[in-house]
There are 2 protein chains.
Amino acid sequence: MEHNILIVGATGVVGRTVIKILNEKNLKNCNYFLFASKKSKGLKFNICGKKFVVDELTDKIFKTHYNFALFCTNEQISKTYIKDLVKDNTVVIDFSSLYRKKYPLIVPEINAKKVKNKKIICNPNCSTIASVMSLYKIHQKFGLKRIIFSTYQAVSGAGQRALEDMKTKNQKKLKKLNYVINNNLIPCIGEISKNLYSKEENKMIYETKKILDDNKIKITATCVRVPIKICHSISINFQTTKRASLQEIKDVLKCTNGVKVIDTPLKYPMPVIVEGKNDVYVGRIRKDYSNRNCFNIFVVSDNLRKGAAQNGVQILEDLLKENI
Amino acid sequence: MEHNILIVGATGVVGRTVIKILNEKNLKNCNYFLFASKKSKGLKFNICGKKFVVDELTDKIFKTHYNFALFCTNEQISKTYIKDLVKDNTVVIDFSSLYRKKYPLIVPEINAKKVKNKKIICNPNCSTIASVMSLYKIHQKFGLKRIIFSTYQAVSGAGQRALEDMKTKNQKKLKKLNYVINNNLIPCIGEISKNLYSKEENKMIYETKKILDDNKIKITATCVRVPIKICHSISINFQTTKRASLQEIKDVLKCTNGVKVIDTPLKYPMPVIVEGKNDVYVGRIRKDYSNRNCFNIFVVSDNLRKGAAQNGVQILEDLLKENI
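Residues numbered from 1 in each chain as written. Chains lettered and ligands numbered in written order. Predicted model: local features only at pLDDT ≥ 70, side-chain atom pairs only at ≥ 80, totals over all residues. Heavy atoms only, no water.

Colleague: Could you clarify how one ought to interpret the relation of the copies chain A and chain B in this entry?
Modeller: Put simply, the two copies of the chain differ by a rotation about an axis and a shift along that axis. Superposing chain A onto chain B takes a rotation of 180° plus a shift of 0.0 Å along the axis, which leaves an RMSD of 0.0 Å. Interpreted geometrically, this transformation is the action of a two-fold axis. By residue overlap, the copies meet face to face through one surface: 98% of the interface positions of chain A are interface positions in chain B. (Least-squares fit on C-alpha atoms with pLDDT ≥ 70 in both. Contact = heavy atoms within 4.5 Å.)

Colleague: What exactly am I supposed to notice about the packing of aromatic side chains here?
Modeller: The way to describe two aromatic rings as a pair is by their centre distance and the angle between their planes. In this structure the tally under the stated criterion is 17 aromatic pairs over all chains. Note on Tyr99 of chain A and Tyr103 of chain A: the rings are 5.6 Å apart at their centroids and 85° apart in plane angle, and the pair reads as edge-to-face. Residue Tyr99 of chain A is classed as buried on the basis of its relative accessible area, which comes to 9%. With a centroid separation of 5.7 Å and 80° between ring planes, the pair formed by Tyr268 of chain A and Tyr179 of chain B is classed as edge-to-face. With Tyr268 of chain A in the loop between β12 (259-261) and α8 (271-274) and Tyr179 of chain B in the loop between α5 (160-165) and α6 (199-211), this pair bridges two chains. An aromatic cluster is present here, built from Tyr152 and Phe298 of chain A together with Tyr152 and Phe298 of chain B joined pairwise through their rings. Note that Lys101 of chain A overlies the ring of Tyr206 of chain A, its terminal NZ or CZ placed 4.8 Å from the centroid. The residue whose ring lies beneath Arg286 of chain A is Tyr197 of chain B, and the NZ or CZ to ring-centre distance is 4.8 Å. (Phe/Tyr/Trp six-rings, centres within 6.5 Å; stacked < 30°, edge-to-face > 60°. Buried < 20%, exposed > 50% of the residue type's maximum accessible area, 1.4 Å probe, protein only. Helix = DSSP H or I, 4+ residues; strand = E, 2+ residues; numbered from the N terminus. Lys NZ or Arg CZ within 6 Å of the ring centre and 35° of its normal.)

Colleague: Please clarify how the sheet that holds strand β6 (residues 68-71) of chain B should be interpreted in this entry.
Modeller: What holds strands together in a sheet is hydrogen bonding between their backbones, with the strands either parallel or antiparallel. Residues and elements named next belong to chain B. As summarised here, the arrangement of the six strands in space is β5-β2-β1-β6-β7-β8, forming an open sheet in which the pairing is parallel. Each edge of the sheet is formed by a strand with only one pairing partner; in this case those strands are β5 (55-56) and β8 (120-122). Packing against the sheet, helix α9 (residues 305-323) makes contact with β1 (3-8), β2 (30-36), β6, β7 (91-94) and β8, and its axis sits at approximately 170° to β6. (Pairing = 2+ DSSP bridges. Axes fitted to C-alpha atoms, helices over the stretch in contact; angles between N-to-C directions.)

Colleague: Hey, could you run me through the pattern of salt bridges in this one?
Modeller: Note that side chains of opposite charge can pair when their charged atoms are close. As enumerated under the stated definition, the model contains 28 salt bridges over all chains in all. Across the salt bridge formed by Glu109 of chain A and Lys306 of chain A, the nearest N and O atoms sit 2.8 Å from each other. Of this pair, Glu109 of chain A sits in helix α3 (residues 108-111) while Lys306 of chain A sits in helix α9 (residues 305-323); the two residues are 197 residues apart in sequence, bridging distant segments of the chain. Lys306 of chain A sits in the buried class, given a relative accessible area of 1%. For Lys260 of chain A, the salt bridge goes to Asp279 of chain A, with nearest N and O atoms at 3.0 Å. With Lys260 of chain A in strand β12 and Asp279 of chain A in the loop between α8 and β13 (280-287), this residue pair connects regions lying 19 residues apart in the sequence. Taking relative accessible area as the criterion, Asp279 of chain A reaches 22% and is therefore assigned partly exposed. Members of the salt-bridge network, linked through shared partners, are Glu201 of chain A together with Arg284 and Arg286 of chain B. (Salt bridge = Lys/Arg side-chain N within 4 Å of Asp/Glu carboxyl O.)

Colleague: Honestly, the interface of chain A and chain B in this entry has me stumped. Any pointers?
Modeller: Accessible area lost when the parts come together is the quantity often used to give the size of an interface. Contacts between the two partners involve 54 residues from chain A, matched on the other side by 53 residues from chain B. Counting the surface lost from both chain A and chain B, the interface buries some 4,600 Å², and carbon and sulfur atoms represent 57% of this. Connecting chain A to chain B are six salt bridges. Linking Arg286 of chain B and Glu201 of chain A is a salt bridge whose minimum nitrogen-to-oxygen distance equals 3.3 Å. The interface formed by chain A and chain B includes 32 residue pairs in polar contact (both at pLDDT 80 or more). Among the secondary structure elements, those contributing two or more residues to the side of chain A that touches chain B are β9 (144-152), β10 (218-222), β11 (232-240), α7 (246-254), α8, β13 and β14 (294-301) of chain A. Classifying every residue of the side of chain A that touches chain B by side-chain character gives 28 nonpolar, 15 polar and 11 charged. (Buried area = accessible area lost by both parts, 1.4 Å probe. Polar contact = N/O pair within 3.5 Å; in protein donor to acceptor, adjacent residues only side chain to side chain. Nonpolar A, V, L, I, M, F, W, Y, C, P; charged D, E, K, R; others polar.)

Here is the structure:
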């Protein structure tokens, strides 16, 4: 059986990484339909030996029936197209945050089972994926009582136009970011909500609880954009419910599926090492002597891969297997 | 009365900022003696209208009697020269970390009185100064129970040679940093100690307690080098002993001498705003809903100014006043 797979936003930073990963995975019997904005119309991509041409995103996407769709764009585009595709029995993997409160938020290593019989499946926020990947086994084994996140997020997390902002020094010519990012930090990602947290911070707090399926975990976050292109990093301080030794925490991390530990006095995870990798890297694992059962870790993840495209394609792979 | 003032390391990133600030302050009746490494010999600097020539740092510094000395270099140079200067009745302000455990660590806004009758006065670690500046009034008013630091530290904090590393992409040609910093983060500043904390992290923990004069505060830290030239930033999560409202915390910060608050939904402290400023900037002031009496703030400070030169020159000004 052939599967028709729609990719919306195929030429953006996430869409291009999705295509790269599809080529690495070599999924069988898939036909791809690539859509993007007008200016990308006509671009050609090879996926697993076949050539596909990008078309402009308009209502004509509804002319074909798709088994699966990946939406690698923003909330507005998800809002315009997803509901009608679902009516046509397409199973949609949405990278935007539009449906994250209503539909399952999936990180396959953690909660793959929840995709069953769902028509809309949400790919979580990029910093959240990296964080929960490093914490889910610890939560299963020792319980998480409280988490404090401070993030170091790459510019690609804000898309192609934000990457273009890295080339300009002129505040007025910025395309996506509110402020110049070169030689700067922007300690606010997304607008500030009534609770004084930024949209990104509220996502991390809400989504971590939802993915770990535990509303009792106490979480706070500070999200900061840093002048690097790829890889989100997170300084995480966490407290476990049950007593855990440093060695036990290290052992759990070493056995966490999808996680790699780099932790020697001279080696630690860094964006230059992690870029292009699908795993989430954890290091600087230390006991936090300031409180009982507390630990510090430093996590780095390729935000375009495990933070987005890799996670989404993993979901697609699971759906294809289920379908077979 | 004329004061002879020795500046060692006058041509480094901190030394040059000391000279810049001396020019801004226009201290009366001071004669400067500038020393640096061989390659800087002969460089000329204007300080308050007079011209001074840099000499090579050798034992000949002992030929003159100095009332005050500023050591803007590393521990090794402090070790070689300071003790003999002290015997000659010079009062030394040391920017290195050599004597920080033994002698007073001074941030004038907080503990200026402790300089009295001391021959060696230590300028604290740059991230620590920014942090304690934002916290000391809160500690006085509500008591600090626990602090969690995650830092975003500029390359200039590692000196001139580290700034030169920003220009190279070749790992083998690095002069000071262990890894390429462009498009990267280095989550380890200074060597890792037995307790698995980096030297910088241990400094922040130890020095914060010493400056706030309270060994009971529980503190942990994660220190990260980020690819920006100037300004250290710190994501701080803290818990107060006494109950405090968000408004009370904001009010205290607004009244903290040496601190500026920028905190609206569209404005927050950022390195591009803070570079070249003597104050420490605080924003993103929020209640941390994950625990009682907890708050998050984001702090940015020019690491070469209040983090080093400005703080050192403030100490010098206090000493000059005392001397008069």
